[in-house]
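Spelled out from the first residue to the last, the chains are:
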Amino acid sequence: MRAILAIDQGTTNSKAILVSEAGALISRGSAPVGISYPRPGWVEQDANRIWQSVCEALGTCIDAAPRVTIEAIAISNQRESVTIWDGKTGEALGPVVSWQCRRTAPDCAALIDRGHSQRIQELTGLPVDPMFPGSKVKWLLERAPKGRSVRIGTVDSWLIHRLSSGKQHVCDASNAARSQLFDLKSQRWSDELCALFGVSMDVLPEVLDSSGQFGTTTGVLPGVPDGTPIGAAIGDSHAALFGHGAYKAGDGKVTFGTGSSVMATLPRFIAPDNGITTTVAWRIAGTPTFAFEGNILVSAASLPWMAEVLGLPDVSALVELAATAEPGGPGFVPAFVGLGAPHWNSDARALFSQINFNTTRAQMARAVTDSIALQVHDVFSAMQRQTGGAMGSLYVDGGPSQNTFLMQCVADILARPIIHCAAPEASALGAAYLAGLSLGMWPDLETVARLPRHNTVIRPQAKDNAERLKTWSDAIARSTFEPPPAIGE
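Residues numbered from 1 in each chain as written. Predicted model: local features only at pLDDT ≥ 70, side-chain atom pairs only at ≥ 80, totals over all residues. Heavy atoms only, no water.

(A) Region of interest: unusual backbone geometry. Of note, the bond from Ala341 into Pro342 is cis; its omega dihedral lies within 30 degrees of zero at -5°. Following the sequence through the fold, Pro342 ends up in the loop between β18 (331–333) and β19 (351–353). Phi at Gln180 is positive, roughly 70°, even though this residue is not glycine. Its location among the elements puts Gln180 in the loop between α6 (173–176) and β10 (182–183). The backbone of Ala285 shows a phi angle near 50°, a positive value even though the residue is not glycine. Mapped onto the secondary structure, Ala285 falls in the loop between β16 (277–284) and β17 (287–296). A relative accessible area of 69% places Ala285 in the exposed class. (Helix = DSSP H or I, 4+ residues; strand = E, 2+ residues; numbered from the N terminus. Buried < 20%, exposed > 50% of the residue type's maximum accessible area, 1.4 Å probe, protein only.)

In structure tokens form, the structure reads like this:
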């Protein structure tokens, strides 16, 4: 059986799946990664542990599979996380500075104060924010050992380096587009941006299409023959959009995880506005497909925290408690590391609002679960304003999307149907489809769109949106230290 071996390297876990020529999932594997918080607002990971977890996930996946011929490896990866290593020895020279990390907030504030924010957004489609790698790359370079053959890259670049035994220093256009060092229109690293961020361009990887040749494997695992082509690399949110078959302009998806990504395919490049970003969804045969995106910094990550605060055994118990809540509870804003789209406020703080003596544990639990859907509402509304309401099908994926109650909350808050992906591995599937395209396993997008997906539609049911949105608006205003809007605004 011919198959694609796809890696999905995420913030908390590395996953691997085998996908058959018919598009069916053959087997899966997973391994935890680990996150550290060395200072308030700092979030980092160990590059070697990321690689080790990928190998563990690959081994589990291959061991669980029947006899297959692995035609290619595909990569989807957590985005905006960046690391540094020695190109000759492969030694990690620093941590993986996470997409969640705020350590470079002062550098970003300085760029804004010097009046560079508008120009940076014009070139990259992204606001100046410590989430994006530009300022992190400078931070890593300033602390790199002298006299080393320094390489910098996003997680896809690091994995390709390890898969190819150091022979390749490349990344794909979707990951480059999130770096804030890449000019969206010219599709190249920008001299101007590198100068603004204080980055030497010669340490950056070569930018390739998302579907194509990224090199071949050398000495990875017994089940992965040397010389296996690496046929795709793409950021995880972009991969999920591709995996859903959201190829029509206006089609979108929400990937739920530690944070969340709301993304919608565009007919062409459209300058960002309303607190959302423009990015490269994927690039095939040298042609980029663009997308709007809104990045939510903390989404499902708030659930285990709240379960612990309430003394509950796990997230399932928290969600069950939330489902019993009476209406009229408090608001909750999960701004543990500031707020992302569409607010982009690094100074925002997590809080509960409108608590009184009648507030119950169930209502507090419901406020936390609702915050996942309410953040999506804010991003989706911004996209609707930007496109004049021309939004198409909306898919949901990621681990939390498997919880029916949470997804019903999303459909209710958005007041529109959402399409649930039966397989939680949408990102890995998207990467696998791109690798299959590069091999000719599937000849075109129309063929990929027809592969089986087994989706289900969740329709809105609740009718108390107005009160929830009012409470949410008040909580956001308090979190960001802004006066709440007047009633009726």
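From this point, things continue past the structure.
(B) View of the packing of aromatic side chains. Applying the stated criterion across every chain, the model contains 13 aromatic pairs. An angle of 15° between the planes, with centres 5.9 Å apart, marks the rings of Trp305 and Phe332 as stacked. Highlighted residues: Trp305 in helix α9 (residues 302–309) and Phe332 in strand β18, separated in sequence by 27 residues. Using a relative accessible area of 34% as the deciding quantity, one classes Trp305 as partly exposed. Between Phe332 and Phe352, the aromatic rings sit 4.7 Å apart at their centres with planes inclined by 40°, giving tilted as the arrangement. Placement of the pair is Phe332 in strand β18 and Phe352 in strand β19, with a sequence separation of 20 residues. Residue classification places Phe332 among the buried positions, given a relative accessible area of 2%. Owing to a relative accessible area of 23%, Phe352 belongs among the partly exposed residues under this scheme. Taken together, the ring pairs in this structure connect Trp305, Phe332, Phe336 and Phe352 into an aromatic cluster. We note Arg39 situated over the ring of Trp42; from NZ or CZ to the ring centre the distance is 4.2 Å. (Phe/Tyr/Trp six-rings, centres within 6.5 Å; stacked < 30°, edge-to-face > 60°. Lys NZ or Arg CZ within 6 Å of the ring centre and 35° of its normal.)

(C) Up close: the pattern of salt bridges. Following the criterion strictly, the structure yields 21 salt bridges and no others. For the salt bridge of Arg79 with Asp236, the shortest nitrogen-to-oxygen distance reads 3.6 Å. Within this pair, whereas Arg79 is found in the loop between β5 (69–77) and β6 (82–86), its partner Asp236 is found in helix α8 (residues 236–243), the two being separated by 157 residues in sequence. With a relative accessible area of 17%, Asp236 lands in the buried category. Among the ionic pairs, Arg148 bridges to Asp86, the shortest N-O distance being 2.7 Å. Within this pair, whereas Arg148 is found in the loop between α4 (133–142) and β8 (150–154), its partner Asp86 is found in strand β6, the two being separated by 62 residues in sequence. Residue Arg148 is classed as partly exposed on the basis of its relative accessible area, which comes to 29%. Residue classification places Asp86 among the buried positions, given a relative accessible area of 4%. Residues participating in the shared-partner salt-bridge network are Arg79, Glu80, Arg178, Asp236 and Glu293. (Salt bridge = Lys/Arg side-chain N within 4 Å of Asp/Glu carboxyl O.)

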